[in-house]
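Secondary and tertiary structure notes
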Amino acid sequence: MTDYWCRFVDSRGRIYASERLVARDDAEAIAKARRIPLRSAGDSFELWDGRRHVDIDHPREAARNG
């Protein structure tokens, strides 16, 4: 299991919250992050495994609706 950090980003690109996720791999971490409600429309999230940015190829709406 790996510790990931999900950083929530507003429509201006500012981080407004973060949450620790534990997952087997990137795919599971992404799926968990997509289930977390975002604060408002236009917000998104970034996923990090230590210093490694996890590439999430999705439109903001997909991340929000999940």
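A brief report on the enclosed structure follows. Bear in mind the structure is a predicted one, so any value in this text is a computation, not a measurement.

Moving on, we come to the nonpolar core. In this structure, Tyr4, Cys6, Phe8, Leu21, Ala33, Phe45 and Leu47 are the most contacted members of the largest nonpolar core, which totals 14 residues. Put simply, the parts of the chain that give this core at least two residues each are β1 (2–9), β2 (15–23), α1 (26–34) and β3 (44–49). Excluding anything up to four places from it in sequence, Leu47 contacts Tyr4, Trp5, Cys6, Leu21, Ala29, Ile30, Ala33, Arg52, His53, Val54 and Ile56.

Okay, α1 next. Within α1, burial applies to Glu28, Ala29, Ile30 and Ala33. The inward-facing, buried residues of α1 contact β1, β2, β3 and β4 (52–54). Where α1 begins, the side chain of Asp25 points an oxygen toward the backbone nitrogen of Ala27, at a separation of 3.3 Å.

Okay, the sheet that holds β2 next. Sheet architecture is open: four strands sit in the order β2-β1-β3-β4, paired in antiparallel fashion. What marks the edges here is a single partner per strand, and that holds for β2 and β4. Looking at each pair of strands side by side, their axes are set apart by 30° on average, direction ignored. For β3 and β4, the ladder comprises three bridges, and the chain directions are antiparallel. Bridge pairing links Trp48 to His53 in β4. Sheet contacts for α1: β1, β2, β3 and β4; angle to β2, the most-contacted strand, approximately 135°.

What follows is about the environment of Arg20. Topologically, Arg20 is positioned in strand β2. Separated by 27 residues in sequence, Arg20 and Leu47 place their C-alpha atoms 9.7 Å apart. Those residues within four positions of Arg20 in sequence are excluded, and the remaining contacts are Asp3, Tyr4 and Trp5.

According to the stated counting rule, one finds seven salt bridges in the structure shown. Note that Arg52 and Asp26 form a salt bridge whose closest N and O atoms lie 2.8 Å from each other. Here the residue Arg52 occupies a position in strand β4, and Asp26 occupies one in helix α1, the gap between them amounting to 26 residues. Asp26 gets classed as partly exposed once you look at its relative accessible area, which sits at 24%. Taken together, the shared-partner salt bridges in this structure form one network comprising Arg24, Glu28 and Lys32.

So, how was this worked out
- Residues numbered from 1 in each chain as written.
- Predicted model: local features only at pLDDT ≥ 70, side-chain atom pairs only at ≥ 80, totals over all residues.
- Heavy atoms only, no water.
- Core = buried A, V, L, I, M, F, W, Y, C linked by side-chain atoms within 4.5 Å.
- Buried < 20%, exposed > 50% of the residue type's maximum accessible area, 1.4 Å probe, protein only.
- Helix = DSSP H or I, 4+ residues; strand = E, 2+ residues; numbered from the N terminus.
- Contact = heavy atoms within 4.5 Å.
- Polar contact = N/O pair within 3.5 Å; in protein donor to acceptor, adjacent residues only side chain to side chain.
- Pairing = 2+ DSSP bridges.
- Axes fitted to C-alpha atoms, helices over the stretch in contact; angles between N-to-C directions.
- Salt bridge = Lys/Arg side-chain N within 4 Å of Asp/Glu carboxyl O.

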